Amino acid sequence: MPSWVARIDRPRRELQEIVSGQTVGPAVVMLAFDELGSDALVQAITTNVASWITLYNSEAAYQADNLRPVNQDPEPGSGVVADVRFPTLGGGVLRLAPGTSYSNAEVPAQNRMLARLRVEQTGLVTPVLAIDAVVLVD
């Protein structure tokens, strides 16, 4: 019997914002976005802190990327969806180029995209990370 993926009636725009707990920077925070479906087009990433943000398509990709230096590009096919930097205090908004797609690589597929937020600011901060996406499959 052929395998198929149920799709939604039509793509929808979704903005998910996660407010992390207070942390003392520099720090690394793991976040899980669970409202962006299993397949989506990432439109924009927003944060309120100076940071590096890396998005992943699976837990395995997140773990495998643990030791990669932040200034080294990820390997093609490594499961890194995006690797972006917000160098200024207060973060900002980055609108991604069309075609920045995400597809969960877990088996079975999950409605989850993991993010590693590397806070570069020093002192006490409450990181906020938001992803604006067009969800294609729930």
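The rules behind the values
- Residues numbered from 1 in each chain as written.
- Predicted model: local features only at pLDDT ≥ 70, side-chain atom pairs only at ≥ 80, totals over all residues.
- Heavy atoms only, no water.
- Helix = DSSP H or I, 4+ residues; strand = E, 2+ residues; numbered from the N terminus.
- Rg over C-alpha atoms; globule rule 2.2 N^0.38 Å.
- Core = buried A, V, L, I, M, F, W, Y, C linked by side-chain atoms within 4.5 Å.
- Buried < 20%, exposed > 50% of the residue type's maximum accessible area, 1.4 Å probe, protein only.
- Contact = heavy atoms within 4.5 Å.
- Pairing = 2+ DSSP bridges.
- Axes fitted to C-alpha atoms, helices over the stretch in contact; angles between N-to-C directions.
- Salt bridge = Lys/Arg side-chain N within 4 Å of Asp/Glu carboxyl O.
- Polar contact = N/O pair within 3.5 Å; in protein donor to acceptor, adjacent residues only side chain to side chain.

K.L.:
Quick question: what am I supposed to make of the overall build of the protein chain here?
P.N.:
Scanning the protein chain from N- to C-terminus turns up 1 helix and 9 strands. Mapped in sequence order, the helices and strands of the protein chain form the string β-β-β-β-α-β-β-β-β-β. For 138 residues, the compact-globule formula gives about 14 Å, and the C-alpha radius of gyration of the protein chain, at 15 Å, lands near that figure. In terms of its C-alpha atoms, the protein chain occupies a principal-axis envelope of roughly 55 × 30 × 25 Å.

K.L.:
I keep staring at the nonpolar core and nothing clicks. Help me out?
P.N.:
Across soluble globular proteins, nonpolar side chains show a tendency to be buried alongside one another. Judged by nonpolar contacts, the single largest core of 24 residues is most densely connected at Leu31, Phe33, Ile45, Ile53, Leu55, Met113 and Ile131. Broken down by element, this core gets its largest block of residues, 5 residues, from strand β8 (residues 113-125). Excluding residues that lie within four positions of it along the chain, leucine 55 makes contacts with Ile45, Gly79, Val80, Val81, Ala82, Met113, Leu114, Ala115 and Ile131.

K.L.:
Explanation requested: the sheet that holds strand β5 (residues 80-86) in the structure shown.
P.N.:
The strands making up a sheet are joined through hydrogen bonds of the backbone, oriented either antiparallel or parallel. Read from one edge to the other, the open sheet built from 4 strands follows the order β2-β8-β4-β5, with strand pairing classed as antiparallel. Each edge of the open sheet is held by one strand with a lone partner, namely β2 (23-33) and β5. Recorded for the sheet is a direction-independent mean angle of 15 degrees between the axes of neighbouring strands. With 6 bridges connecting them, strand β4 (residues 51-56) and β8 associate as antiparallel partners. Considered in β8, the bridge of leucine 55 is made with alanine 115.

K.L.:
Would you explain the pairing of β4 in this entry?
P.N.:
Remember that side chains alternate between the two faces of the sheet whenever the strand is regular. Where burial is concerned, most of β4 is hidden: 6 out of the 6 residues are buried. The alternating pattern of β4 places Ser51, Ile53 and Leu55 and Trp52, Thr54 and Tyr56 on opposite faces, both of which are buried.

K.L.:
Please explain the pattern of salt bridges as it appears in this structure.
P.N.:
Pairs can form between side chains of opposite charge once their charged atoms are near each other. On inspection of all chains with the given rule, the structure shows 9 salt bridges. Between aspartate 132 and arginine 13 there is a salt bridge, and its shortest N-O distance comes to 2.9 Å. Taken together, the positions of aspartate 132 in strand β9 (residues 128-137) and arginine 13 in strand β1 (residues 12-19) put the pair 119 residues apart, joining distant regions of the chain. Overall, aspartate 132 belongs to the buried group, its relative accessible area being 14%. For arginine 85, the salt bridge identified is with glutamate 120, shortest N-O distance 3.2 Å.

K.L.:
Where do I start with the side chain of aspartate 132 in this structure?
P.N.:
Looking at aspartate 132, its side chain comes within polar contact range of the side chain of arginine 13, at 2.9 Å. Among all residues touching aspartate 132, those that are not within four sequence positions of it are Arg13, Glu14, Leu15, Leu41, Val42, Gln43 and Ala44.

K.L.:
Hey, could you run me through unusual backbone geometry in this one?
P.N.:
In most cases, non-glycine residues show a negative phi, while peptide bonds are predominantly trans. Here the amide bond leading from glycine 25 into proline 26 is cis, since omega sits at 0 degrees, within 30 degrees of zero. Along the chain, proline 26 falls in strand β2. Following valine 107, the chain continues to proline 108 via a peptide bond in cis, the omega torsion being -5 degrees. Relative to the assigned elements, proline 108 resides in the loop between β7 (101-103) and β8.

K.L.:
Quick question: what am I supposed to make of the environment of leucine 94 here?
P.N.:
For leucine 94, the position within the fold is in strand β6 (residues 92-95). Linking leucine 94 and threonine 47, residues 47 residues apart in sequence, is a C-alpha distance of 9.0 Å.

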